[in-house]
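# Structural overview
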There are 2 protein chains.
Amino acid sequence: MAEQNRVVLHGMWASPFAKRVELALKIKGIPFEYVEEDIQNKSPELVKLNPVYKKVPVLVHNGRPICESFVIMEYIDEVWKNNGPPLLPQDPYRRSQIRFWADFVQKQVFEGLFLSLTTEGEAQEKAIKEVKEKLKVLEEQGLKSLLSEAEGSPFVNGDELGFLDIVTLTVLGMYEIHEEFSGMKLVEEEKIPIMYSWLNRLKEHPVAKEAGAPKEKVLALLQFIRQKALRSTAA
Amino acid sequence: MAEQNRVVLHGMWASPFAKRVELALKIKGIPFEYVEEDIQNKSPELVKLNPVYKKVPVLVHNGRPICESFVIMEYIDEVWKNNGPPLLPQDPYRRSQIRFWADFVQKQVFEGLFLSLTTEGEAQEKAIKEVKEKLKVLEEQGLKSLLSEAEGSPFVNGDELGFLDIVTLTVLGMYEIHEEFSGMKLVEEEKIPIMYSWLNRLKEHPVAKEAGAPKEKVLALLQFIRQKALRSTAA
């Protein structure tokens, strides 16, 4: 196949970063080839495509690599302007708010969630409590107005998933599995009702459902990450 | 003054994040009011404008706040398309490369530099060594092709400062003061010649010179940050 217009995504099934790019391509209706990478044993091709971080996702378009999930999502939105729905709105102020909250979900919620996965006892309880506080901030200061401006549409981006919908889906789409794994509630309907129903709409989107992984496989991976982290802390 | 079209930047003289926004506005020729914030004693207005992080910079445009330096720079480029030079190029692939490397300068170089400021002895030497390795990566894998594609222009963005030029200027523009402060070389002409001459062109840009702070004031601040960090480590 000619390199011209060829689109290849190097991903890994459990990577929320790679999943974002996969969802963005699917929502936009862009045909692509998928290469599953083994992050325990990185392929020479991945190292060559992303020599700086040696990580997924890498999107290869016209033979040229693009790395980092947010950078790739902006690229997709700019290159395929006329394919499917835009991932970001037109209005510059609203774009700025979407970018701000997507960054918040990544830096504050994802990193807190990861910390809860790799800690025990009080430290874990503290991490979960902090994630819940961040979700409250997201609901009160971000989501409430972003969704009301979407005027009854199911998603922040309107009738289709957009930038913030996709990023949140890849961080919190499996919140019930996280709750089962930690034995602690993360998303309580009575405390963050807007978030709760938004997350449930996100999860039910056909593209999200199709891209999801089996629960047992996710639980096994969470267990693997946790054991590895706790062993290294104990050592 | 009517809120309509009013542009106010809340900054702090030593913040590289606020400085980015100031430089971007000046390069684009956008008139703005400047409010200096005291980060030891945050104003109620700052807390109200940026309730999530309570940090500078905040850009207020038409009465609405925008936070986070990269988000603000994208906003400026989108709103004032026809004022002065664009901060990002037109081509989506080149835009992706600029965003990738700006993020690298922030996450890898800035954070390493900050670590070197707050550590002593071997830990400090290690931090500086790592910053130098990152600069080599930036030169070899980023700057070399970005500048050669700029075809003899002094800056990555061409004849005027753009997104990556500005971000790098706010992180490394004072590298000589850092070298004097730590007593260790950061930017060696023989090791990273492209970076060395680019940084020296950046520093000499009239807008950069005008926005710079007096050396003694910067040294005193570095000393303050260092003492505070080392005291809290010792405590």
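Computed from a predicted structure; not experimentally measured.

Further remarks concern the overall build of chain A. Scanning chain A from N- to C-terminus turns up 10 helices and four strands. Along its sequence from the N terminus, chain A presents helices and strands in the succession β-α-β-α-β-β-α-α-α-α-α-α-α-α. A compact globule built from 235 residues should have a C-alpha radius of gyration of about 18 Å, and chain A, at 18 Å, falls within 12% of that. Structurally, chain A occupies a C-alpha span of about 55 × 50 × 30 Å along its principal axes. Within the span of chain A, comprising 235 residues, buried residues form 51% of the whole. Restricting to contacts in chain A with at least 6 residues of sequence separation, those with at least 24 account for 71%. Counting every atom, chain A has about 11100 Å² of accessible surface; 53% of that belongs to carbon and sulfur.

A few words on the UniProt feature "domain: GST C-terminal" (unreviewed entry) in chain A. Following the UniProt record, one finds the feature "domain: GST C-terminal" (unreviewed entry) at residues 91-221 of chain A. From the first C-alpha to the last, residues 91-221 of chain A spans 40 Å; its make-up is 75% helix and 0% strand.

Residue and element names in this part refer to chain B. Among the structural elements, L49 can be located in helix α2 (residues 44-49). With a relative accessible area of 15%, L49 lands in the buried category. Considered as a pair, L49 and K191 are 142 residues apart in the sequence and their alpha carbons are 44 Å apart. Leaving out residues up to four positions away in the same chain, L49 has contacts with H10, V58, V60, P65 and C67.

A word on the packing of helix α4 (residues 92-117) of chain B against helix α5 (residues 121-149) of chain B. Residues and elements named next belong to chain B. Direction vectors running N to C along α4 and α5 enclose 165°, while the axes themselves pass 9 Å from each other. Our classification of the angle between α4 and α5 gives roughly antiparallel. Handedness of the crossing formed by α4 with α5: left-handed. Residue-level inspection shows R94, Q97, I98, W101, F104, V105, Q108, V109, G112, L113, L115 and S116 of α4 in contact with α5, the latter providing Q124, A127, I128, V131, K134, L135, V137, L138, Q141, G142, L146 and E149. Within the contact of α4 with α5, the residues separate by chemical class into 14 nonpolar, seven polar and three charged.

Another point: the packing of aromatic side chains. To describe a pair of aromatic rings, you give the distance between the ring centres and the angle between the ring planes. Per the counting criterion, the structure on display carries 18 aromatic pairs over all chains. Ring centres 6.4 Å apart and planes at 85° place the aromatic pair Y75 of chain A and Y93 of chain B in the edge-to-face group. Of this pair, Y75 of chain A sits in helix α3 (residues 69-79) while Y93 of chain B sits in helix α4, on two different chains. For the pair shown, Y75 of chain A and Y93 of chain B are each scored as buried. Geometrically, the ring pair formed by F100 of chain A and W101 of chain A is edge-to-face, given 5.0 Å between the ring centres and 85° between the ring planes. For F100 of chain A, a relative accessible area of 7% translates into the label buried. We classify W101 of chain A as buried; its relative accessible area is 3%. One aromatic cluster is present, formed by Y53 of chain A together with F100, W101 and F104 of chain B through successive ring pairs. The positively charged end of R64 of chain A is found above the aromatic ring belonging to Y93 of chain B, 4.0 Å away from the centroid.

Expressed as a screw operation, the relation of chain B to chain A combines 0.0 Å of axial shift with a rotation of 180°, fitting to an RMSD of 0.0 Å. Read as a symmetry element, the transformation amounts to a two-fold axis. The position closest to the rotation axis in chain B is occupied by the C-alpha of E74 of chain B, lying 5.7 Å away. In this assembly, 100% of the residues forming the interface of chain B have copies in chain A that are likewise at the interface, indicating an isologous arrangement.

With that settled, consider unusual backbone geometry. All names here are of chain A. Put simply, V56 and P57 share a cis peptide bond, and its omega is -5°. If you trace the backbone, P57 turns up in the loop between α2 (44-49) and β3 (58-61). Backbone geometry at E68 places phi at a positive 80°, although glycine is not the residue there. Looking at where E68 falls in the secondary structure, it is placed in the loop between β4 (64-67) and α3.

A few words on the sheet that holds strand β2 (residues 33-36) of chain B. All names here are of chain B. Spatial strand order, β2-β1-β3-β4: four strands in an open sheet with mixed pairing. Looking at strand neighbours, the two that pair on one side only are β2 and β4 (64-67), the edges of this open sheet. Neighbour-to-neighbour, the strand axes of the sheet open up by a mean angle of 20°, direction not taken into account. By the bridge criterion, four bridges tie strand β1 (residues 7-11) to strand β3 (residues 58-61) in an arrangement that is antiparallel. By the bridge assignment for β3, H10 is matched with V58. Sheet strands in contact with helix α1 (residues 16-28) are β1 and β3, and its direction is about 150° off that of β1.

Residue and element names in this part refer to chain A. Burial of the side chains of β3 extends over both faces: V58 and V60 are buried on one face and L59 and H61 on the other. Of the pairings in the sheet, the one linking β3 to β4 comprises four bridges and is antiparallel in character. Bridging from a neighbouring strand, L59 pairs with I66 of β4. Counted between consecutive antiparallel strands, the loop separating β3 from β4 contains two residues, among which N62 sits at a positive phi close to 55°.

Definitions and cut-offs
Residues numbered from 1 in each chain as written. Chains lettered and ligands numbered in written order. Predicted model: local features only at pLDDT ≥ 70, side-chain atom pairs only at ≥ 80, totals over all residues. Heavy atoms only, no water. Helix = DSSP H or I, 4+ residues; strand = E, 2+ residues; numbered from the N terminus. Rg over C-alpha atoms; globule rule 2.2 N^0.38 Å. Buried < 20%, exposed > 50% of the residue type's maximum accessible area, 1.4 Å probe, protein only. Contact = heavy atoms within 4.5 Å. Areas by Shrake-Rupley, 256 points an atom, 1.4 Å probe, with all protein chains shown as cover. UniProt positions renumbered as here; feature names shortened; annotations may be inferred. Axes fitted to C-alpha atoms, helices over the stretch in contact; angles between N-to-C directions. Parallel < 35°, antiparallel > 145°, perpendicular 65-115°, else oblique. Left-handed = near helix turned anticlockwise from the far one by under 90°. Nonpolar A, V, L, I, M, F, W, Y, C, P; charged D, E, K, R; others polar. Phe/Tyr/Trp six-rings, centres within 6.5 Å; stacked < 30°, edge-to-face > 60°. Lys NZ or Arg CZ within 6 Å of the ring centre and 35° of its normal. Least-squares fit on C-alpha atoms with pLDDT ≥ 70 in both. Pairing = 2+ DSSP bridges.

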